[in-house]
Structure formats: C-alpha cells, structure tokens
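A structural walkthrough
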Amino acid sequence: AQKVTQAQTEISVVEKEDVTLDCVYETRDTTYYLFWYKQPPSGELVFLIRRNSFDEQNEISGRYSWNFQKSTSSFNFTITASQVVDSAVYFCALSEWADKYSNDYKLSFGAGTTVTVRA
Amino acid sequence: DSGVTQTPKHLITATGQRVTLRCSPRSGDLSVYWYQQSLDQGLQFLIQYYNGEERAKGNILERFSAQQFPDLHSELNLSSLELGDSALYFCASSALGGPGDTQYFGPGTRLTVL
C-alpha cells in the first residue's frame, strides 16, 4: 500500500500565482516524521522541511508554508507568489519505524508533483 | 550544496558489467543511505549503513551490494548490470541514522546501461 500519496502529478501556474501541493500519508505509528524535498531540473534533492507527529503548528519560511493536519493525515505545502525558479519536482516523504522490534526505520517517498511556473 | 559528495556524476556502461558508485557523507554524519530513482519506480530506498555496519535494507537486488568504510565513505557496487538498472542513484547521509534525522542528499550518479 502506498504510504505517501501525492495525488497531483503535475501543476502548471503563471508566475506570482500561489500553488498548493497535497500530501496524504498513511501510518499506524504515533511517532513519525514528515519531510518535503525539492528536485530542480538539475537533479539534486534539496531538503525543505521536517515535521514530527507531535508538532502540528503550521510553518512559514519566506514564500513557503506548510499545513500539517493529523486529523486528515495531510501535510500540504504552499508556494506563495510563485517564481520560475520554483519549477521543480516536489516530494513528500514519511519516516516511520519499519519494524517495532528493531531499530529499523524507513523513509518512504511519494511519487512527486511536478510544478511548472511560467513567466 | 548539501555537503554530500558522489562520484562519478555520470556513468555509461554495457549490460553484464560491474560498476562502483562512491559517496562521501557530510562531515560528522555517521549514517549513509542509498536510493535508486527511476521513472517507473520512483525513489526507492536500497540500503542504510550506520558507522560501518548495515542498519537496514530496502528493495536492493542481490546483484547489488554496498559497504561503509572506517572513514565513513560508502560504495555501492552494481554487478551483472541490466538495461533496467539505468537510473539515478542517490546517496544521502544523516547524523545518527534515526527516523527523525534529516537525510541530506548528494547530487546523484546517473547510470546508463546500454
């Protein structure tokens, strides 16, 4: 079963528009961590944010903001006043214990949402 | 720049061959992870090492192996290569290897198998 679902495959916007990326996750753990990464056309994966399951405060960092809602198992990401440089694939990821009897854990990525910002 | 380095950046080889990908973690990080990114499978976790020892295994094929050396750099060995192994291989590192750690990714090695 898919642990992290990013239902939007592609989003295209015009510069200065806001864009919201949806992320829905599935876990039985009470302690888990959520991440967002950005993969620009150059290919590297850039860390954007980490959130633990006990911290439901929304966060804003410049033009980026994140809305974490445990009740709906969602961790959505909004880019305000988008710019061409925001064009990238954005990944949501869930880190949880893979096996409660060991120290193994697993970081599961969603399929990614490709954001294209047109000038 | 994440501080994680990977070499080579690109690798082109033929089916049946063996290649080695190298990764140096961020200074101070003890844990190294390997991921494969392909168009059909997305980002898949392969294997994790912590301070020289294997910590967790993901969807890693038997033809693939890895190790982490005393200086904490890691190598991923891919053998008997098939066309389907063509992908972008990422190395990531984190401080302690726990689930709350942020993994910082290297620039990746793009492997093309012809």
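Just above, that's the structure.
Anyway, here's the lowdown on the structure attached to this text.

What follows concerns the state of the cysteines. Residue and element names in this part refer to chain B. Taken as a whole and assessed by the stated rule, the structure comprises 2 disulfides over all chains. Here Cys 23 connects covalently by a disulfide to Cys 91, the sulfurs 1.8 Å from one another. Its torsion about the S-S bond being -50°, the disulfide of Cys 23 and Cys 91 is classed as left-handed. Here Cys 23, found in strand β3 (residues 19-24), pairs with Cys 91, found in strand β9 (residues 87-94); they are 68 residues apart in sequence, far enough to count as distant. One exposure class covers both Cys 23 and Cys 91, and it is buried.

A few words on the environment of Ser 53 of chain A. Residues and elements named next belong to chain A. Along the chain, Ser 53 turns up in the loop between β6 (46-52) and β7 (59-61). Classification of Ser 53 as buried rests on a relative accessible area of 1%. When the C-alpha positions of Ser 53 and Ala 119 are compared, they lie 37 Å apart, and in sequence the two are 66 residues distant. With near-sequence residues (within four places) excluded, Ser 53 lies in contact with Thr 30, Thr 31, Tyr 32, Phe 68 and Lys 70.

A few words on unusual backbone geometry. Following Thr 7 of chain B, the chain continues to Pro 8 of chain B via a peptide bond in cis, the omega torsion being -10°. Within the fold, Pro 8 of chain B resides in the loop between β1 (5-7) and β2 (10-13). Despite not being glycine, Lys 16 of chain A shows a phi value in the positive range, around 85°. Structurally, Lys 16 of chain A can be placed in the loop between β2 (10-14) and β3 (19-21).

Taken as a whole, this structure holds 21 aromatic pairs over all chains when the rule is applied. Pairing Phe 109 of chain A with Tyr 35 of chain B gives two aromatic rings, centres 5.8 Å apart and planes at 90°, and the pair type is edge-to-face. Of this pair, Phe 109 of chain A sits in strand β11 (residues 105-109) while Tyr 35 of chain B is found in strand β4 (residues 31-38), placing the two residues in two different chains. Residue class for Tyr 35 of chain B comes out buried when judged on its relative accessible area of 0%. Ring geometry for Tyr 35 of chain B and Phe 105 of chain B: centres 5.3 Å apart, planes at 45°, overall tilted. You can see Tyr 35 of chain B sitting in strand β4 and its partner Phe 105 of chain B sitting in strand β10 (residues 104-105), a full 70 residues away along the chain. Phe 105 of chain B gets classed as buried once you look at its relative accessible area, which sits at 2%. Ring-pair connections join several aromatic residues into one group, and the members of that group are Phe 35, Tyr 37, Phe 47, Phe 91 and Phe 109 of chain A together with Tyr 35, Phe 45, Phe 90, Tyr 104 and Phe 105 of chain B. One Lys or Arg, Arg 55 of chain B, reaches over the ring of Tyr 50 of chain B and ends 4.6 Å from the middle of that ring.

What counts and what doesn't
Residues numbered from 1 in each chain as written. Chains lettered and ligands numbered in written order. Predicted model: local features only at pLDDT ≥ 70, side-chain atom pairs only at ≥ 80, totals over all residues. Heavy atoms only, no water. Disulfide = S-S within 2.5 Å. Helix = DSSP H or I, 4+ residues; strand = E, 2+ residues; numbered from the N terminus. Buried < 20%, exposed > 50% of the residue type's maximum accessible area, 1.4 Å probe, protein only. Contact = heavy atoms within 4.5 Å. Phe/Tyr/Trp six-rings, centres within 6.5 Å; stacked < 30°, edge-to-face > 60°. Lys NZ or Arg CZ within 6 Å of the ring centre and 35° of its normal.

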